[in-house]
Structures are given as structure tokens and as C-alpha cells.
Amino acid sequence: MKLRLGLILHQCSPQRTYAIFRFLMTVFLLFRRRQRWLLWRPLAPEALVATIRTLGTSFLKLAQVLATRADYFDASYLAALRQLHDQMPPMPSAQCAAVFAEAFADPEVFASFDSTPLASASIGQVHRAVLREGGQEVAVKLRRKDIRTVVQIDIALLRLFLLLFRPLFSSQTRNSIEAVLRAFTEVILQEVSMEHELANLLQFSEAYAHSGIRFPRSYPKYCSDAALVMSFESGVRIDDTAAVARLAVKFSDLMEQLVLFYTEQMLVKGFFHADPHPGNLLVNEAGELVLLDFGMVSRIPHHMRQAMIQAVKASYEHDYELLISAVRRLGILTEEADQQGMSAIAEELFSIFSSEHLNAASMQDLAFGVLDLLHDQPFKLPQDVIYVMRVSSLLEGLGTQYVPNFNGVKDILPILKQNLTRALGEENCGVEAIVREARQFPLTLVRARRVIEQAEQGDMVVRISGADRAYIVNSVGRYLRSVCWLLFWFGLAFFMQQHGTETARTGSYISLGGAVVVMLNLLRKG
């Protein structure tokens, strides 16, 4: 109890609390593109990174999420945030021994256990060991001591500062960073549980058993919430070009397999690895891709997958209207966005993507330019879209390392295009598809009749997204307020006209002027 109290006091010390305040203040000001708020200005990129390093696990993980948000930060901040790596010094030997004792009731479970970790990150560290029973070589991931308590304290502090910073946001700010921070707190609590990671690994191994990707084999009877025991997988990092070249593996084959695997995850099954980076991808001597670290796994709802497929199809076919429709379905744009302006941006993007000279640097410049154009539009980047961006960033980064003048759009889109029918569930086309649709035809007629009956009886219910519903309510509210002001000015004008005095007549004319202004405003807004 005394140790727990000391940990709380350390995590909530005035110096650390102020550092959290400065970090979040910087994020809010950069997002709102404000130069200052009261006495505070945003930290410079280097100072922001230094502050994050002092704050530890939770904020390092949060910074890695924010490093994908080009809609929040400019190039200098993104470059600085991407320098942050999830690497921490190993636990002191006494702490490691305490966690080992908590995880394994029988200290003789391993024939050998290397006390020097192979890798040490913010959540845990990985050791090489050999099981006494069976003699298999395994990797043992030990959770850092008291890390769950540390994360819970940090989440409490984050929620406190969210309340303090709420006035910095307008009610119409759709891409509120509050949503990102809340989603992050849910994810990191799952990541500090080794039992949760074990469940993810088992599900992944079953769901993607025929993907051609290799996953570690788990040993559930040795696992607990403090430790995960799995087969030891050897290989080289996929971004180590020299080591991969020595394996005589064609990078084009690896890239195609990786694209197909993430297509399967994100567009077909919706159950995907949400922490894609080169450190989690190995290539073994057999040329197999090995996927590691299942702490962050998430799901994409069916309607979002359908919209993503629509966006891929539109991008490949250069269909501007279809792309705008898909972007709306994804929740990135609302009905309030300028349709013609968005179509013009899409047309310009397609013409640029067709260029043979498009490379990673020009694509990054292009991305920032588009985000600048969109910043004044009512748009947001839903978390599901952010996960897709992280995967795209991984593929783009790998492509530029192996292929000169790599063009992510032109090199990856054809692979996606070839697999759209599978993503849409249309693998069995032709006669089988016709037969399937013919069998469904009577049910389709019944549903159509039911819709017509509901419309006739006034029972039809139309569901719209929360964002579009808010837009409609706000629009109607603004219109009704304008009408009320119009009635007020007209009423006041007629009331003052009744008195007949010079002052009253002047007041009447002023009131009529107010009514005219309101009417012109109504006409201007359509």
C-alpha cells in the first residue's frame, strides 16, 4: 500500500502534472492553429519530444498515435514525433524477478531463461527461454511492474485535462481531439493485459491461418495477465534491406503478400493488427513474413469496410463523384461540405497521382496541401481511417526503401483492384452469382413491398449518421433563430409606428433595417 501511494504521488507530482499540461496545451493549440492561449504558446517540436520522453509509457504511446495525424500537425512536428520509438531501458533485476514470480508459480517451468531481454519497450520486455517440458524455444513477454497502475493514473490525469481544455473547442469542431484521446485510453488499457494479447493472438492465428503469414504459436497454460509465452520466431526486420537481400527474397513478392494480407484484414474480415510498423514484421530464412506483437488489435464495422472498398474502386477508376460519396460514408465529410469544391480537389489529386514522377516526398507535400484545403471544411478523420493511414504509411515507407521513385498509389492500387470482388464477397461470380441472386429475388420483392407499405402508413424510419443529424439540427436551429429575429424586428417596427412621434418613426425605420438585414442573411444562406 505504501509503495502504491508513493507511485501515485510520483505520477501526480507538480512537475509532471505541469509537463502533461504543456504537452496537451501544445496539441490543442496546434490543432486549433492558434499562436497562444493566455500565457502559453505551443512547445517547439524538439521540446515537445523531450517532454514526451520524460512523461513515460502512456504519453509515448499517445505520441505514436498522434504522429499519424497530419490533420493536426505540420511537417516539422510530425518529423519530430516519428523519431519517438517504443524503446525503454530494461526493468531492474529486482523488478524483473518480482514480475517473474507473479507470473510463474513454478520457478522451474523453464529449463533456461535469459535474464537479459531481447527487447525492452514501454509495456513489457521479451526474454528468450527454453521450456522444461518439451524443450521448445520460446519468447517470454513480461509486463512491466506496476505498469497498469501507472497507465490508470495517467488516464485519470488525461481526463482531468480534457475537462479543462473543453472550452478551447467549438461545438461544431467535428474532428475533436477529445475523441482521439478517449479512444486511446481504451486501447492502452487493453494493451497492458497479456491475457488480452493472448486472446488476440489466438483469434488472429485462427482467422488468418491460410494467409501465408506466420504467427507465433502460443502456450496458454504458461500465460497469465503478467506474462505471455509463445514460440521464438527468428528473422530479420522487413525494413533491413541488406539482410532481406541476403535471403534472396524478391521484395515485390513480399509487398504483394503484405498488401493482400492487410486487404484481407481491413476490407474482408475487419479484424486487424492496429500497430503496424517494421519492428513487428520479420522475414525468416524460408522467406515467410512473420507478424509479432498483438497488443493492439481492433475491428472495422461492416459499413466502414464497404465505404473503404467504394473509395478504392473510385480511386482506381478516377470516379470523382463516387470518391466523394465514399468519403461521406466514411464520416470524413458531412453534407455541409462543398460538393463542387471537393470534386475539384479529387480531380486535381487524380491528375497528380497519374504522374510518373510522383515519389514519397512529393506525396507528403501533396498530403499537407490537401489537409490545408480541408481544414476549413467540416471534416474529421475517424479512428478506422487513421488505422488505414498507418498501414498506408508502413507500405509507403517500405516501398521507398526498396523501389526508386516508389508511387504508393500506382503500385498498390492495382493489387487492391484485383481483390475487390473478394472484399465485396463476390468470389463466386458468373452463373453461381446469378443463381444466388435469383434465389434472393422473392425475398427482395417482399422487402420492397414492406418498404412501400411502411411509407403509405407513415411508419418508415430513416436513419442518418450522428454527424449529419447534428448538421441538420444546427441548420434548422439557425433558420428558426433567423425567423424569430425577423418577426421581432417587424413587430418592433409596427409597434413603434403606432406612436406617431419622430423618435418612434426613426426607431421604426431602424427596426425595418434590422429585418432587412436578417432577410438578406437568410437569402444568402439559401
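Residues numbered from 1 in each chain as written. Predicted model: local features only at pLDDT ≥ 70, side-chain atom pairs only at ≥ 80, totals over all residues. Heavy atoms only, no water.

1. Things to note about the nonpolar core
Link 1 in the chain: Residues Phe23, Leu24, Phe104, Phe110, Phe204, Phe215 and Val229 are the most contacted members of the largest nonpolar core, which totals 112 residues.
Link 2 in the chain: With 10 residues, the single largest contributor to this core is helix 2 (residues 14-32).
Link 3 in the chain: Every residue in contact with valine 229, bar those within four places of it in the chain, is listed here: Phe104, Phe110, Val138, Ala139, Val140, Arg217, Ser218, Tyr219, Tyr222 and Cys223. (Core = buried A, V, L, I, M, F, W, Y, C linked by side-chain atoms within 4.5 Å. Buried < 20%, exposed > 50% of the residue type's maximum accessible area, 1.4 Å probe, protein only. Helix = DSSP H or I, 4+ residues; strand = E, 2+ residues; numbered from the N terminus. Contact = heavy atoms within 4.5 Å.)

2. Some remarks on the confidence of the model for the chain
Link 1 in the chain: In this model, the chain carries a mean pLDDT of 77, and residues with pLDDT of at least 70 account for 70%.
Link 2 in the chain: When the elements of the chain are averaged for pLDDT, helix 15 (residues 360-374) gives the smallest value, 53, and strand 5 (residues 227-231) the largest, 96.
Link 3 in the chain: Here residues 171-175 is modelled with pLDDT under 50, and outside its nearest four sequence neighbours on either side it reaches 17 contacts, counting other chains as well.
Link 4 in the chain: Note that residues 426-430 has pLDDT below 50 and, in this model, five contacts with residues that lie over four places away or in other chains. (pLDDT = per-residue confidence, 0-100.)

3. Thoughts on the packing of aromatic side chains
Link 1 in the chain: Counted under the stated rule, the structure contains 19 aromatic pairs.
Link 2 in the chain: Ring geometry for phenylalanine 204 versus phenylalanine 271: centroids 5.2 Å apart, planes at 45°, classification tilted. Here phenylalanine 271 lies in strand 7 (residues 271-273) and phenylalanine 204 lies in helix 9 (residues 194-207), a separation of 67 residues in the sequence. As far as burial versus exposure is concerned, phenylalanine 204 and phenylalanine 271 are alike and both buried.
Link 3 in the chain: Judged by centre distance (6.2 Å) and plane angle (45°), the rings of phenylalanine 215 and phenylalanine 261 are tilted. In this pair, phenylalanine 215 is assigned in the loop between helix 9 and strand 5 and phenylalanine 261 in helix 11 (residues 251-269), connecting sequence segments 46 residues apart. The same class applies to phenylalanine 215 and to phenylalanine 261, which are both buried.
Link 4 in the chain: Members of the aromatic cluster, joined through ring pairs, are Phe204, Tyr208, Phe215, Phe261, Tyr262, Phe271 and Phe294. (Phe/Tyr/Trp six-rings, centres within 6.5 Å; stacked < 30°, edge-to-face > 60°.)

4. Quick look at the packing of helix 2 against helix 4 (residues 57-66)
Link 1 in the chain: Interhelical geometry of helix 2 versus helix 4 gives an angle of 5° and a closest axis separation of 13 Å. Considering the angle they form, helix 2 stands roughly parallel to helix 4. Side by side, helix 2 and helix 4 meet where Arg16, Ile20, Phe23 and Val27 of the first sit next to Phe59, Leu62 and Leu66 of the second.
Link 2 in the chain: Within the contact of helix 2 with helix 4, the residues separate by chemical class into six nonpolar, no polar and one charged. (Axes fitted to C-alpha atoms, helices over the stretch in contact; angles between N-to-C directions. Parallel < 35°, antiparallel > 145°, perpendicular 65-115°, else oblique. Nonpolar A, V, L, I, M, F, W, Y, C, P; charged D, E, K, R; others polar.)

5. Remarks on helix 6 (residues 93-103)
Link 1 in the chain: Within the sequence span of helix 6, burial applies to Cys96, Val99, Phe100 and Ala103. Viewed along the axis of helix 6, the buried residues span an arc of 100°, placing them on a single side of the element. Exposed positions of helix 6 whose direction lies more than 90 degrees from the buried face are Ala94, Ala101 and Glu102.
Link 2 in the chain: Summarising the contacts, the buried residues of helix 6 are in contact with strand 1 (110-113), strand 3 (124-131), strand 4 (137-143) and strand 5. (Arc of directions from axis to C-beta.)

6. Observations concerning the sheet that holds strand 8 (residues 281-283)
Link 1 in the chain: One open sheet holds the three strands; their spatial order is 6-8-9, and the pairing between them is antiparallel. The sheet is open, and its two borders are formed by strand 6 (236-237) and strand 9 (289-291), each paired with just one other strand.
Link 2 in the chain: Bridge count between strand 8 and strand 9: three bridges; the pairing is antiparallel. Its bridge partner being in strand 9, valine 283 is matched across the sheet by leucine 289.
Link 3 in the chain: The strands that helix 11 touches are strand 8 and strand 9; relative to strand 9, the one it contacts most, it runs at about 40°. (Pairing = 2+ DSSP bridges.)

7. Some remarks on helix 4
Link 1 in the chain: Burial of helix 4 is extensive: nine of the 10 residues sit out of reach of the surface.
Link 2 in the chain: Buried residues of helix 4: Thr57, Ser58, Phe59, Leu60, Lys61, Leu62, Ala63, Val65 and Leu66, and no others.

8. Focus: the pattern of salt bridges
Link 1 in the chain: For the structure on display, the rule yields 12 salt bridges.
Link 2 in the chain: The partner of aspartate 154 in a salt bridge is arginine 16, with the nearest N and O atoms 2.9 Å apart. With aspartate 154 in helix 7 (residues 147-165) and arginine 16 in helix 2, this pair connects stretches of sequence that are 138 residues apart.
Link 3 in the chain: Relative accessible area serves as the criterion here: at 8%, arginine 16 is assigned to the buried category.
Link 4 in the chain: Glutamate 197 is the partner of lysine 141 in a salt bridge, and the nearest nitrogen-oxygen pair spans 3.0 Å. Separated by 56 residues along the polypeptide, lysine 141 in strand 4 and glutamate 197 in helix 9 bring together distant segments of the chain.
Link 5 in the chain: The exposure class of lysine 141 is buried, given its relative accessible area of 11%.
Link 6 in the chain: Using a relative accessible area of 2% as the deciding quantity, one classes glutamate 197 as buried. (Salt bridge = Lys/Arg side-chain N within 4 Å of Asp/Glu carboxyl O.)

9. Details of the environment of serine 122
Link 1 in the chain: Turning to its location among the elements, serine 122 is positioned in the loop between strand 2 (119-120) and strand 3.
Link 2 in the chain: With relative accessibility at 0%, the residue serine 122 sits in the buried group.
Link 3 in the chain: Each C-alpha atom, one on serine 122 and one on proline 89, is 8.7 Å from the other, the two residues being 33 residues apart in sequence.

10. Side note on the side chain of serine 193
Link 1 in the chain: Following the sequence through the fold, serine 193 ends up in the loop between helix 8 (177-191) and helix 9.
Link 2 in the chain: Among the residues examined, serine 193 registers a relative accessible area of 10% and is labelled buried.
Link 3 in the chain: Within polar-contact distance, the side chain of serine 193 engages the backbone nitrogen of histidine 196 at 3.2 Å.
Link 4 in the chain: Once residues lying within four places of it in the same chain are set aside, the contact partners of serine 193 are Arg143, Arg148 and Asp225. (Polar contact = N/O pair within 3.5 Å; in protein donor to acceptor, adjacent residues only side chain to side chain.)

11. Side note on a nonpolar patch on the surface
Link 1 in the chain: A contiguous nonpolar patch, built from Val476, Tyr479 and Leu480 and spanning about 300 Å² of accessible area, is present on the exposed surface.
Link 2 in the chain: Position of leucine 480 relative to the elements: it lies in helix 20 (residues 466-497).
Link 3 in the chain: Residue leucine 480 is classed as partly exposed on the basis of its relative accessible area, which comes to 47%. (Patch = residues over 30% accessible without salt bridge, like charges linked within 9 Å, V, L, I, M, F, W, Y side chains within 5 Å. Areas by Shrake-Rupley, 256 points an atom, 1.4 Å probe, with all protein chains shown as cover.)

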